[in-house]
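Below, each chain spelled out in residue letters.
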Amino acid sequence: MNFINKYIISFTLLAMVFSTSFYFGMEYMANNNLHSSLWIISLAYAVALFLAGLFIGRKDIYEGHMGLNYHMATYLVCNIVPILLMAAGLLTVFTYSSVLSMSLFWGLFAIPHIILYFVRRKRNIRGFDKKELFD
């Protein structure tokens, strides 16, 4: 029932592996002029994160967060991993401004999810709809 539980932690660790692999793959393709193949690794990354969230989130019995905890974990991992890799000097193609613009753009689209979560949270008691409990 916690916002952070064993399922979200396992998803976050898996997302860190996927993100690190994705950015190293993007770096390799960009350095070797394989620009036409970048969409393949991007699609594989998106599908891998979606499936990981779907299968791990399916085991998480508490639905009161409406996926916001998985959304925020993905947001943080996908934005922190490239910054750490750039700071370590492992990524040279990406710039801080490109990662920050991605996080800003993604953050703007995360705002409706956050608002929806707080609106729906007022209608719930421990993840169960008040109308369903008292009808």
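Residues numbered from 1 in each chain as written. Predicted model: local features only at pLDDT ≥ 70, side-chain atom pairs only at ≥ 80, totals over all residues. Heavy atoms only, no water.

### Describing the confidence of the model for the protein chain
Link 1 in the chain: The predicted model of the protein chain has a mean per-residue pLDDT of 83, with 85% of residues at 70 or higher.
Link 2 in the chain: Mean pLDDT across the secondary structure elements of the protein chain bottoms out at strand β2 (residues 128-129), with 60, and peaks at helix α1 (residues 6-31), with 91. (pLDDT = per-residue confidence, 0-100. Helix = DSSP H or I, 4+ residues; strand = E, 2+ residues; numbered from the N terminus.)

### Some words on the packing of aromatic side chains
Link 1 in the chain: Summed over the entire model, instances satisfying the criterion amount to 6 aromatic pairs.
Link 2 in the chain: Between Phe22 and Tyr45, the aromatic rings sit 4.1 Å apart at their centres with planes inclined by 5°, giving stacked as the arrangement. One end of the pair, Phe22, is in helix α1; the other, Tyr45, is in helix α2 (residues 38-59), and 23 residues separate them in sequence.
Link 3 in the chain: A relative accessible area of 11% places Tyr45 in the buried class.
Link 4 in the chain: Both rings, one in Phe105 and one in Phe109, keep their centres 4.9 Å apart while their planes meet at 70°; by these two values the pair is edge-to-face. A residue pair is termed a helical-turn pair when its members lie 3 or 4 positions apart in one helix, as Phe105 and Phe109 do in helix α4 (residues 96-122) at 4 residues.
Link 5 in the chain: Linked through ring pairs, Phe22, Tyr23 and Tyr45 together constitute an aromatic cluster. (Phe/Tyr/Trp six-rings, centres within 6.5 Å; stacked < 30°, edge-to-face > 60°. Buried < 20%, exposed > 50% of the residue type's maximum accessible area, 1.4 Å probe, protein only.)

### A closer look at the environment of Val77
Link 1 in the chain: Looking at where Val77 falls in the secondary structure, it is placed in helix α3 (residues 68-87).
Link 2 in the chain: Looking at Val77, the relative accessible area reads 7%, which means it is buried.
Link 3 in the chain: Between the C-alpha atom of Val77 and that of Phe18, which follows or precedes it by 59 residues, the distance is 9.7 Å.
Link 4 in the chain: For Val77, the contacting residues outside a window of four places in its chain are Thr12, Ala15, Met16, Ser19 and Pro82. (Contact = heavy atoms within 4.5 Å.)

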